[in-house]
Amino acid sequence: MLQLTDTAVSKVKEILSQQTPQPTGLRVAVVGGGCSGFSYHMAFENQVNEGSDNVYEFGGLKVLVDQ
């Protein structure tokens, strides 16, 4: 399950609005990494990968997570 606070949603939406072109949403991913295990990665995304992305919406903010 994925949860975002209202403050986090507001801040991400603020940053997204300043980007040109404006991204579609925020991608959240878990990346495997060596001996330290997994780490989280976040980036702005311009495209939804239909069929392979789970799309969650928080107050108008789209969060994309690969299946």
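As the structure is a prediction and not an experimental result, all values here were calculated from the model.

The rules behind each value
- Residues numbered from 1 in each chain as written.
- Predicted model: local features only at pLDDT ≥ 70, side-chain atom pairs only at ≥ 80, totals over all residues.
- Heavy atoms only, no water.
- Pairing = 2+ DSSP bridges.
- Helix = DSSP H or I, 4+ residues; strand = E, 2+ residues; numbered from the N terminus.
- Axes fitted to C-alpha atoms, helices over the stretch in contact; angles between N-to-C directions.
- Contact = heavy atoms within 4.5 Å.
- Core = buried A, V, L, I, M, F, W, Y, C linked by side-chain atoms within 4.5 Å.
- Buried < 20%, exposed > 50% of the residue type's maximum accessible area, 1.4 Å probe, protein only.

### What about the pairing of strand S1 (residues 25-33)?
Next up, step 1: The sheet contact formed by S1 and strand S2 (residues 37-45) spans 9 bridges and is antiparallel. Bridged to Val30 within S2 is Tyr40.
Next up, step 2: In sequence, S1 turns back onto S2 through a hairpin of 3 residues, with Gly34 there showing a positive phi of about 40°.
Next up, step 3: Sheet topology places S1 next to strand S4 (residues 61-66); 3 bridges connect them, and they run parallel. Within S4, the residue paired with Leu26 across the bridge is Val63.

### Here we look at the environment of Asp66
Next up, step 1: Looking at where Asp66 falls in the secondary structure, it is placed in strand S4.
Next up, step 2: Note: C-alpha distance between Asp66 and Glu50 (16 residues apart in sequence) is 10 Å.

### Some words on the sheet that holds S1
Next up, step 1: Taken in spatial order, the 4 strands line up as S2-S1-S4-S3 in an open sheet, and their pairing is mixed. Looking at the sheet topology across the chains shown, the edges are occupied by S2 and strand S3 (53-58). Across the sheet, the mean angle separating the axes of adjacent strands is 25° when strand polarity is ignored.
Next up, step 2: Here helix H1 (residues 6-17) sits on the sheet in contact with S1, S2, S3 and S4, set at roughly 95° to S4.

### Section: the nonpolar core
Next up, step 1: Grouped together as the largest cluster of nonpolar side chains are 8 residues: Val9, Val12, Leu16, Leu26, Val28, Phe58, Leu61 and Val63.
Next up, step 2: The element best represented in this core is H1, accounting for 3 residues.
Next up, step 3: Among all residues touching Phe58, those that are not within four sequence positions of it are Leu2, Gln3, Leu4, Val9 and Val63.

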